[in-house]
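Results of the structural survey
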Amino acid sequence: MSFNLYLAGGKVKTQDDIIIKRGCDVLFSQINDRKAIKKFLELMSNNKLFIDSGAYSAWSKNKHIDVDDYIKFINENTDKFTLFASVDDIPGELRRKPTLWEQRESPAKSWHNYLYMREQVKDKDKLLPVFHIGEDFRHLQNMLDATFNGEHIPYIGLGGTVGLACTVKEDWYKQCFKIIQQSSNPNVKVHAFGMTNLEILENYPFESADSTTWLMAAINGELCTKYGRICVSQQVQHKPSHYNKLPQLVQQQINEQCVLYGTSIEQCMEDQDSRQLYNINYFKDWADNYKYKGNNRYQKRLF
């Protein structure tokens, strides 16, 4: 069993890029990454490509998303796009807490955007509506109950959890999947936005997820391992999780993994690109060998 794990935040320059060679799934923001998307379309082979609306980026920069332009961009490339997110509404403004009215109206605006986009896009089943943590669960129920020509929405997204404690995320996912299981659409596919806590992804029946962890860890001098994120950069030797402070057996295992991924621990200590190479391979291996460890409290994965 494999898992669709979309690497977000990166750029692909050549056919020899490890992301292309290993057939990694990739997520790009349509509002920030159109040039990168064009380049990726020229190079992609066995890769899956998820297009995010960029709603949060637009909100944080006080920009407006032209929904019709986004639809046009989707339809021009729909055969090469695997999935694309509808434009969700972010309540309030940067540095201003949203009012209660804005919080209540935001999910309805997001749903309106989804319905509008669904009418316009060619591949309607590739369009994902997004339910956010903090929103009333009746909006999730509405997504699950909705039908179009007698067919339920095949794929939805769960988002808004970036930066929250794992316990908070897990409690919310547990409630979401309970509602999904008891709905008229129990086998809907679910994408986790901004989430690569691998333990959580193994415990709940997500179909896919995306995250910048592979990239941000490398930038911060870290490798992603089965022991967690391990600091290897010489500039962060003071951290208690640094490689030099690990037991010898653990160091040996990480060394062997580095070699397997075409680099070395010494290179990873000095070079961000080497750390990215390692992290990309680590997450790709996890996705290729994914094992669902959940139980029958939630919907079962069919494939």
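It should be noted that the structure appears before, not after, this text.
This section reports on the structure supplied with the text. (Residues numbered from 1 in each chain as written. Predicted model: local features only at pLDDT ≥ 70, side-chain atom pairs only at ≥ 80, totals over all residues. Heavy atoms only, no water.)

Thoughts on helix H12 (residues 272-288)
The cut-off we apply is this: The helix and strand labels rest on DSSP assignments: H or I over at least four residues marks a helix, E over at least two residues marks a strand, and numbering proceeds from the N terminus. Given the number of residues in a helix, its expected span is that number minus one, multiplied by 1.5 Å. Think of it in three bands: with a 1.4 Å probe and only protein chains considered, a residue is buried below 20% of the maximum accessible area for its type, exposed above 50%, and partly exposed in between.
The end-to-end C-alpha separation of H12 is 24 Å, in line with the 24 Å expected for 17 residues at 1.5 Å each. A large share of H12 lies buried, amounting to twelve of its 17 residues.

Some words on helix H7 (residues 166-181)
Selection criterion: Note that the arc is computed from the directions linking the helix axis to the C-beta atoms. By definition in these notes, contact holds between two residues if any of their heavy atoms fall within 4.5 Å.
End to end, H7 covers 22 Å across 16 residues, agreeing with the expected 22 Å (1.5 Å per residue, within 8%). Within the span of H7, buried status applies to Lys169, Trp172, Tyr173, Cys176, Phe177, Ile179 and Ile180. The buried side chains of H7 occupy one side of the element, clustering within an arc of 155° when seen end-on. Those residues of H7 that are exposed and angled more than 90 degrees off the buried face are Thr167 and Asp171. Of the surrounding secondary structure, the elements contacted by the buried residues of H7 are strand E6 (130-132), helix H6 (137-145), strand E9 (155-159), strand E10 (189-192) and helix H8 (198-203).

Description of the sheet that holds E9
Applicable threshold: For two strands to be treated as a pair, DSSP must find at least two bridges joining them.
Strand order across the open sheet formed by nine strands is E5-E4-E3-E2-E1-E11-E10-E9-E6, with parallel pairing between neighbours. The open sheet terminates on both sides in strands that have one partner only, identified here as strand E5 (127-128) and E6. Where E10 lies against strand E11 (residues 208-211), two bridges are found, and the strand directions are parallel. Directly across from Ala192, in E11, lies its bridge partner Ala209.

A look at unusual backbone geometry
One non-glycine residue, Asn149, lies in the positive phi region at around 55°. Relative to the helices and strands, Asn149 resides in the loop between strand E7 (147-148) and strand E8 (151-152).

Notes on the packing of H6 against H7
Here is the rule we go by: To get an axis, fit a line to the C-alpha atoms, keeping to the stretch in contact for a helix; angles then go from 0 to 180 degrees between the N-to-C directions. For classification purposes, angles smaller than 35 degrees are called roughly parallel, those larger than 145 roughly antiparallel, those between 65 and 115 roughly perpendicular, and all remaining angles oblique. By convention the crossing between two helices is left-handed if the near helix lies anticlockwise of the far one by an angle smaller than a right angle, and right-handed if it lies clockwise. Ten residue types, Ala, Val, Leu, Ile, Met, Phe, Trp, Tyr, Cys and Pro, are classed as nonpolar, four, Asp, Glu, Lys and Arg, as charged, and the remainder, Gly among them, as polar.
For the pair H6 and H7, interaxial distance at closest approach is 10 Å and the crossing angle is 40°. Here H6 lies oblique to H7, going by the angle between them. Where H6 crosses over H7, the handedness of that crossing is right-handed. On H7, the residues that touch Phe137, Leu140, Gln141 and Leu144 of H6 are Trp172, Gln175, Cys176, Ile179 and Ile180. Within the contact of H6 with H7, the residues separate by chemical class into seven nonpolar, two polar and no charged.

Concerning the environment of Leu144
Secondary-structure assignment places Leu144 in helix H6. Judged by relative accessible area, which is 0%, Leu144 ranks as buried. Residues Leu144 and Ile180, 36 residues apart in the sequence, show an inter-C-alpha distance of 7.1 Å. Ignoring anything within four residues of it in the chain, the contact list for Leu144 reads His152, Ile156, Ile179, Ile180, Ser183, Ser184, Asn185 and Val188.

Regarding the pairing of E10
Heads up, the condition is: Convention used here: a crossover is right-handed provided that the path from the first strand, over the helix, to the second strand proceeds clockwise when the strands point away from the viewer.
Summarising the sheet, E9 and E10 pair through four bridges and their orientation is parallel. Across the sheet, the residue bridging to Tyr155 is Lys189, located in E10. With respect to chirality, the unit in which E9 leads through H7 into the neighbouring parallel E10 is right-handed. Note that the unit made of E10, H8 and E11 has a crossover that is right-handed.

As for the packing of helix H4 (residues 67-77) against helix H5 (residues 100-120)
H5 packs onto H4 with a crossing angle of 40° between their chain directions and a minimal axis gap of 10 Å. Considering the angle they form, H4 stands oblique to H5. Crossing of H4 over H5 shows right-handed handedness. For the pair H4 and H5, contact is made by Val67, Asp68, Tyr70, Ile71, Ile74 and Asn75 and by Tyr116, Met117 and Gln120, respectively. Its residues assigned to classes, the contact of H4 with H5 comprises six nonpolar, two polar and one charged.

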